[in-house]
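Geometric and topological summary
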Amino acid sequence: MTSDPTPSVTEATLTDIATNGIWGPDHSVSQAVVDVSRALLASLQGEEGIALPPELSELVAEVRRIATIALPRITTQDGIRLSAFSIKLTDGAPHPVVIVPAGWNPYGWLPFLYAYLKLAQRGYHVLAYSPRGIGIKGWLSTSEGFVDVAGPNDWADGSSVIDYAQEALEPSRIGFLGESYGSGISQLVAANDPANRVSAVVALSTWGNLATSLYNNGTRHLKAVQALIDFTGGPLEEKFDEATQQLLKDFLSGQNLDEVVAWGTERSPETHVDRTNARGVPTFISNTWHETLFPVNPVVDLFERLTVPKRLNLWIGDHGAPEGPGLAGLVLGVPFPGLAEPTREGYEWLDHHLLGADNDVPSWPAVSSQSMFTYRTVAIPGGTKLITVPAHRETYGSWHEATTGSEVWYLTDANGTGDGTLTDKPTAGWSREFEAGALTSSVAGELLKTGQQEWFGNPKSYEPAKFERGQLLVWSTDPLTGPDEVARQIRGAATVQLTVRSSVDAATVIAYLYDVAADGTARIITHEPLTVTDLTPEADTTVSWNLQAASYDLPTGHRLALVVNSRDPLYSYAGSDLPALTTTTISSVSGNEARLELPLG
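Residues numbered from 1 in each chain as written. Predicted model: local features only at pLDDT ≥ 70, side-chain atom pairs only at ≥ 80, totals over all residues. Heavy atoms only, no water.

Another point: helix H6 (residues 181-192). Helix length check: H6, at 12 residues, gives a terminal C-alpha distance of 17 Å against a target of 16 Å (1.5 Å per residue), a fit within 8%. With respect to burial, H6 is a largely interior element, 12 of its 12 residues being buried. Looking only at H6, the buried set comprises Tyr 181, Gly 182, Ser 183, Gly 184, Ile 185, Ser 186, Gln 187, Leu 188, Val 189, Ala 190, Ala 191 and Asn 192. (Helix = DSSP H or I, 4+ residues; strand = E, 2+ residues; numbered from the N terminus. Expected span 1.5 Å × (residues − 1). Buried < 20%, exposed > 50% of the residue type's maximum accessible area, 1.4 Å probe, protein only.)

Structure follows, in structure tokens:
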């Protein structure tokens, strides 16, 4: 694995995972997660003197008592050798196997070793593997080959892994569980295995359409793709074949995007949904409201098209934040109520569909949606907060049932404060301009990190009064009122319509919707960028686009604020090749008045 000594694991290491999540510096897996997994693996292999907390020592001892551990290399149809980790229960009784394709990270299958042991405790054989090309050179958990980004080679590899599982483990049934990259592969293998051998799927922090997740409304999600390239465990030239290298370079430079879209579409569970439906594969999906890798809208679209037994969990936070601790090392003494639910519910899905457990899964509503920031918190040392009461969850027969009405807010010209207002009556004939091309304080948040902090009770606080008015525009309502201390129940995807004029032939406009409290601080509800090209400079073009779906209770006395700027660190910008700032003008024209349509529940 590595020549470094096996790390010691203490209760503090586990507390780190349970209170900070799985993401560390530079958007990679935290050192605490890697340390726990390395120590568990060494202990499973019989290494003496491994320092583990009592809960982990007992877990290792139990699994060693009931199972055998192996580290096979699984050969694919084209001769690539995949690194794998297996647990085979030894009581002679029939058991299903849970196959776990690793997430996209430099350590392959290693970081979630804790989850494999917990699955074995529940009565499963386990076979985890690193998809081709994933991992650090020289590490035990690294697989050969080039990364296929959940393409046809990965589907075929999944079938090869099933072949190996059937021979080595003789499972009674076969299920797949994946987080992030492994979740997409899980769905795609289930849809494409030639022998239709997958009986259930759990897809955590997954994607619905890879193309629209990474390139939508004419805007590239640059930070997401750059992070994916950096996560593989090696440089671009070593991890991808020449064709994929060129495709990724084209994406980063904004060239040949039709080819990028076709490539991403092929790798999308939504593209294969008819096969999944025909096979009837029970599918459990989870995603987060502020996803910075795989936004929620395409996931909801996929889910709504599934006709199989299905479940959609929507959580506060960002990619991997809700499920990460439960997969990486969540033991006794959970720091806040609800932290264990995202993983527990995924396991219960498998228990019902693979073990035949008589649990509550058949009676689950199709959708469980957690309303943002409805948890209660207390201040703790260090300047952060701890959740004491979990956020409210609502259930629906489908996500579309969450939206029961709508409300239109019209944008006005600037008022005495220099900002515009959101009003219930159409206004037209005005225009407002800002300098485009500068970064501002209105941002969606840092990739992975901001949303992870939200999950743990610490959403980012904004100060709209300090937003740079020369580089963005602001519109807001008066303080709003409503019953039961909730002024508005926002449920669904808001729509923004604006008339845009640019001093050049393209413009990026990013809409952010904020909840502004009486003290002037704000929290972000949702956002979404739009890029329009082939414009006639200084000519008006009316545009309309959906923001990412949300479940948000706006408290009584708070205001809604809509902010529009041109740049966010997460995304591409239409004027990136220009030497100077440009001018973008937003206006409202009669018949196509500037408006925000708010979905309500």
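Two elements in contact, helix H3 (residues 54-66) and helix H4 (residues 113-121), have axes whose closest approach is 10 Å; the angle formed by their N-to-C orientations is 55°. In this view, H3 runs oblique relative to H4, as classed from their interaxial angle. When you trace H3 past H4, the crossing you get is left-handed. Of H4, the residues touching H3 (which contributes Leu 56, Leu 59, Val 60, Glu 62, Val 63 and Ile 66) are Tyr 114, Leu 117, Lys 118, Ala 120 and Gln 121. (Axes fitted to C-alpha atoms, helices over the stretch in contact; angles between N-to-C directions. Parallel < 35°, antiparallel > 145°, perpendicular 65-115°, else oblique. Left-handed = near helix turned anticlockwise from the far one by under 90°. Contact = heavy atoms within 4.5 Å.)

Tracing the backbone through its elements, the reader meets Ala 436 in strand S18 (residues 430-436). Residue Ala 436 is classed as buried on the basis of its relative accessible area of 1%. In the structure, Ala 436 is positioned 182 residues away from Gly 254 in sequence and 19 Å away in space, judged by C-alpha atoms. Aside from chain neighbours lying at most four places away, what touches Ala 436 is Ser 566, Tyr 573, Leu 581, Thr 582 and Thr 584.

The next subject is unusual backbone geometry. At Asn 196, a residue that is not glycine, the phi angle is positive and equals roughly 50°. Summarising the element assignment, Asn 196 is placed in the loop between H6 and strand S7 (200-204). Judged by relative accessible area, Asn 196 falls into the partly exposed class, the value being 38%. The phi torsion at Asn 256 lies on the positive side, around 50°, for a residue other than glycine.

For the rest of this paragraph, the subject is H3. An ideal rise of 1.5 Å per residue puts 18 Å on 13 residues; H3 measures up with 18 Å between its terminal C-alpha atoms. Among the residues of H3, those classed as buried are Glu 55, Leu 56, Leu 59, Val 60 and Val 63. Along the long axis of H3, the arc covered by the buried residues comes to 130°, so they all point the same way. Among the exposed residues of H3, those pointing more than 90 degrees away from its buried face are Glu 58 and Arg 65. Residues of H3 that are buried in the fold lie against helix H1 (11-20), helix H2 (31-44), strand S1 (67-70), strand S3 (81-89) and H4. (Arc of directions from axis to C-beta.)

Before going further, it helps to spend a moment on the side chain of Gln 471. Note on placement: Gln 471 falls in the loop between helix H16 (449-455) and strand S19 (473-476). Since its relative accessible area comes to 17%, Gln 471 is described here as buried. Only 3.0 Å separates the side chain of Gln 471 from the side chain of Glu 435, close enough to count as a polar contact. Setting aside its immediate chain neighbours within four residues, Gln 471 contacts Phe 434, Glu 435, Ala 438, Thr 440 and Asn 565. (Polar contact = N/O pair within 3.5 Å; in protein donor to acceptor, adjacent residues only side chain to side chain.)

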